[in-house]
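Residue strings, one per chain:
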Amino acid sequence: MTSPTTPITLDTARARARLSELTVVDVRTPGEYAAGHLPGALNIPLDHLGRALPGIRDAAGRRDLLVVCASGARSARACALLAEQGVPAATLDGGTTAWAAAGHDLERTAACEIRAGWSMERQVRCAAGTLVLLGLVLGLLVHPAFQLLSAGVAGGLVFSALTDTCGMAAVLAKLPHNRPRGADLDATLAALRER
């Protein structure tokens, strides 16, 4: 890999060819990870990266590190955070969405272990749509000022698109079904030490 300050991007074909020699870290929520992840990937949600940093640094010293998410946006942020700490990492171009679109298999967690079956993108669309409808209905039935809720959500979606960030996703990631249980993260960190 390149220097720690220059994260690189691997396309799906190159990542697949090198998969056996990479340590793959999936930075999505546990629900997204359970719904489908790269074979052998370990789930360390983006907001837990700091806690996992010592283990990730050790793993990166033994094998090249590939960070993945759904589209590549969160994994690029994770690579930037790791680079700030001197840990070299690559990101998967297009994330697991591109991986699946290329016809590569995804591993899924057993149905009994899945705590949230919806991807973060789907959760955001549902929450945004619900808030917009709620604002419109309350604006018609209660008071027109409730329509500001719909306008606020619309403005947030535009800001999200322009900045490639998502405040609603950050809030939804804190919900119990999107958070890893402590034992899950501890088990993941133990598995990371063995790689």
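Residues numbered from 1 in each chain as written. Predicted model: local features only at pLDDT ≥ 70, side-chain atom pairs only at ≥ 80, totals over all residues. Heavy atoms only, no water.

1. Observations regarding the overall build of the chain
Alright, step 1. Each helix and strand in the chain was counted, giving nine helices and five strands.
Alright, step 2. Beginning at the N terminus, the succession of helices and strands in the chain can be written as β-α-β-α-β-α-β-α-β-α-α-α-α-α.
Alright, step 3. Within the span of the chain, comprising 195 residues, buried residues form 39% of the whole.
Alright, step 4. Counting contacts in the chain only where the partners sit at least 6 residues apart, residues at least 24 apart contribute 70% of the total.
Alright, step 5. Accessible surface, the chain: about 10,100 Å² in total, of which carbon and sulfur atoms supply 61%. (Helix = DSSP H or I, 4+ residues; strand = E, 2+ residues; numbered from the N terminus. Buried < 20%, exposed > 50% of the residue type's maximum accessible area, 1.4 Å probe, protein only. Contact = heavy atoms within 4.5 Å. Areas by Shrake-Rupley, 256 points an atom, 1.4 Å probe, with all protein chains shown as cover.)

2. A few points about the pairing of strand E2 (residues 22-26)
Look at any regular strand and the pattern is simple: side chains alternate between the two faces of the sheet.
Alright, step 1. For E2, a buried count of five out of five residues is recorded, marking the element as mostly surrounded by other parts of the structure.
Alright, step 2. Neither face of E2 is left uncovered, since the one carrying Leu-22, Val-24 and Asp-26 and the one carrying Thr-23 and Val-25 both have all their residues buried.
Alright, step 3. Two strands pair when backbone bridges link them, and E2 and strand E4 (residues 64-68) are joined in this way by five bridges, in the parallel orientation. What sits directly across from Val-24, in E4, is Leu-66. (Pairing = 2+ DSSP bridges.)

3. Here we look at a nonpolar patch on the surface
Alright, step 1. On the surface, Val-137, Leu-140, Leu-141, Val-142 and Phe-146 cluster together into a nonpolar patch covering about 540 Å² of accessible area.
Alright, step 2. Secondary-structure assignment places Phe-146 in the loop between helix H6 (120-141) and helix H7 (147-163). (Patch = residues over 30% accessible without salt bridge, like charges linked within 9 Å, V, L, I, M, F, W, Y side chains within 5 Å. Salt bridge = Lys/Arg side-chain N within 4 Å of Asp/Glu carboxyl O.)

4. What to know about helix H4 (residues 73-84)
Alright, step 1. If you check H4, its first and last C-alpha atoms are 17 Å apart, about what 12 residues at 1.5 Å a residue would give, namely 16 Å.
Alright, step 2. The complete set of buried residues in H4 reads Arg-74, Ser-75, Ala-78, Cys-79, Leu-82 and Ala-83.
Alright, step 3. On its buried face, H4 sits against helix H2 (30-35), helix H3 (49-62), E4, strand E5 (90-92) and H6.
Alright, step 4. Positive backbone phi, approximately 80°, marks Gly-86, located one or two places after H4. (Expected span 1.5 Å × (residues − 1).)

5. What to know about the packing of H6 against H7
Alright, step 1. Close contact between H6 and H7 brings their axes to 6 Å; oriented N to C, the two are set at 155°. Taken as axis vectors, H6 and H7 run roughly antiparallel relative to one another. As H6 runs across H7, the sense of the crossing is left-handed. Contacts between H6 and H7 involve Ala-128, Leu-131, Val-132, Leu-134, Gly-135, Leu-136 and Gly-139 on the former and, on the latter, Gln-147, Leu-149, Ser-150, Val-153 and Leu-157. (Axes fitted to C-alpha atoms, helices over the stretch in contact; angles between N-to-C directions. Parallel < 35°, antiparallel > 145°, perpendicular 65-115°, else oblique. Left-handed = near helix turned anticlockwise from the far one by under 90°.)

6. What to know about the sheet that holds E5
Alright, step 1. Taking strand neighbours across the sheet as the criterion, the five strands line up as E1-E5-E4-E2-E3 in an open arrangement whose pairing is parallel. Whereas interior strands pair on both sides, the edge strands pair on one side only; in this sheet they are strand E1 (8-10) and strand E3 (42-43).
Alright, step 2. Here E1 pairs with E5 via three bridges, running parallel. What sits directly across from Ile-8, in E5, is Ala-90.

7. Describing the pairing of E4
Alright, step 1. Counted residue by residue, E4 has four buried out of five residues, so it is predominantly covered.
Alright, step 2. Where E4 meets E5, two bridges bridge the pair, whose relative direction is parallel. Directly across from Leu-66, in E5, lies its bridge partner Ala-90.

8. Looking at the side chain of Thr-188
Alright, step 1. Tracing the chain through its elements places Thr-188 in helix H9 (residues 182-193).
Alright, step 2. Residue contacts for Thr-188: discarding those within four places in its chain leaves Leu-42, Asn-43 and Ile-44.

9. Digging into the confidence of the model for the chain
Alright, step 1. For the chain, per-residue confidence averages 86 on the pLDDT scale, and residues scoring 70 or more make up 90% of the total.
Alright, step 2. Across residues 111-116, confidence stays below pLDDT 50; counting only partners more than four residues off in sequence or on other chains, it has 12 contacts. (pLDDT = per-residue confidence, 0-100.)

10. Quick word on the pattern of salt bridges
Alright, step 1. As enumerated under the stated definition, the model contains five salt bridges in all.
Alright, step 2. Across the salt bridge formed by Arg-18 and Glu-21, the nearest N and O atoms sit 2.8 Å from each other.
Alright, step 3. Under the relative-accessibility criterion, Arg-18 is labelled buried at 16%.
Alright, step 4. Assessed through its relative accessible area of 40%, Glu-21 is described here as partly exposed.
Alright, step 5. A salt bridge links Arg-74 to Glu-32; the shortest N-O distance between them is 2.9 Å. Of this pair, Arg-74 sits in helix H4 while Glu-32 sits in helix H2, and the two are 42 residues apart along the sequence.
Alright, step 6. Classification of Arg-74 by relative accessible area gives buried; the value is 17%.

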